[in-house]
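In case you want the letters, here they are:
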Amino acid sequence: NNINGQTNARRERKVSILSFGVGNFTSCLIARYQLAFLLALRDKLEKQCSACELFDPVFTTHEKSVLAAYKCQVPAHNEEGKHVCLSPTIVFMPHCGKALYNNFLWKNSS
């Protein structure tokens, strides 16, 4: 245990970042801020972050290549929010409708 009572195993627990609905960050300032937030969060988590995955059906080919350069994964197909989280995951869905939230929560309710 360390001073705060956390074990090393707890501090080193892996976490993923998942984001739906950031938008076109090459043409929208708010989307750029949201992407910057996600990248800063990932960098802050350092070795604890096992993956940073973003999906938005509006991403252009150029935006997908930019995300790849930043070592972010972009799923090849639209899961419509039906992504199953198998490990602790920070989920960021800034511009998503109720149906996407419902799909995501339904798939991860267990």
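Residues numbered from 1 in each chain as written. Predicted model: local features only at pLDDT ≥ 70, side-chain atom pairs only at ≥ 80, totals over all residues. Heavy atoms only, no water.

Looking at an unreviewed UniProt entry, one finds the protein chain named SRR1-like domain-containing protein, with Elysia chlorotica as its source organism. Per UniProt, the comment on the protein chain under Sequence similarities (unreviewed entry) is "Belongs to the SRR1 family." (UniProt positions renumbered as here; feature names shortened; annotations may be inferred.)

J.: Give me the side chain of Q34: which residues, what numbers.
T.: Along the chain, Q34 turns up in helix α2 (residues 29-45). Not counting residues up to four positions away in its chain, the partners in contact with Q34 are V22, F92, P94 and H95. (Helix = DSSP H or I, 4+ residues; strand = E, 2+ residues; numbered from the N terminus. Contact = heavy atoms within 4.5 Å.)

J.: Residue-level account of the sheet that holds strand β3 (residues 89-92), with values.
T.: Strand order across the open sheet formed by three strands is β2-β1-β3, with parallel pairing between neighbours. Edge positions in the sheet fall to β2 (49-55) and β3, since each has one partner strand and no second. Sheet twist, expressed as the mean angle between neighbouring strand axes with direction ignored, is 10°. Of the strands in this sheet, β1 (15-20), β2 and β3 touch α2, which is tilted by about 175° from β1. (Pairing = 2+ DSSP bridges. Axes fitted to C-alpha atoms, helices over the stretch in contact; angles between N-to-C directions.)

J.: Tell me about the packing of aromatic side chains, and name the residues and values.
T.: Considering all chains together, one arrives at three aromatic pairs under this definition. Relative to F104, the ring of F20 lies with its centre 6.4 Å away and its plane at 70°, an arrangement referred to as edge-to-face. Taken together, the positions of F20 in strand β1 and F104 in helix α4 (residues 98-107) put the pair 84 residues apart, joining distant regions of the chain. A relative accessible area of 9% places F104 in the buried class. Ring geometry for F25 versus F59: centroids 5.9 Å apart, planes at 70°, classification edge-to-face. With F25 in the loop between β1 and α2 and F59 in the loop between β2 and α3 (61-69), this pair connects stretches of sequence that are 34 residues apart. Residue classification places F25 among the buried residues on the basis of a relative accessible area of 5%. Residue F59 is classed as buried on the basis of its relative accessible area, which comes to 6%. (Phe/Tyr/Trp six-rings, centres within 6.5 Å; stacked < 30°, edge-to-face > 60°. Buried < 20%, exposed > 50% of the residue type's maximum accessible area, 1.4 Å probe, protein only.)

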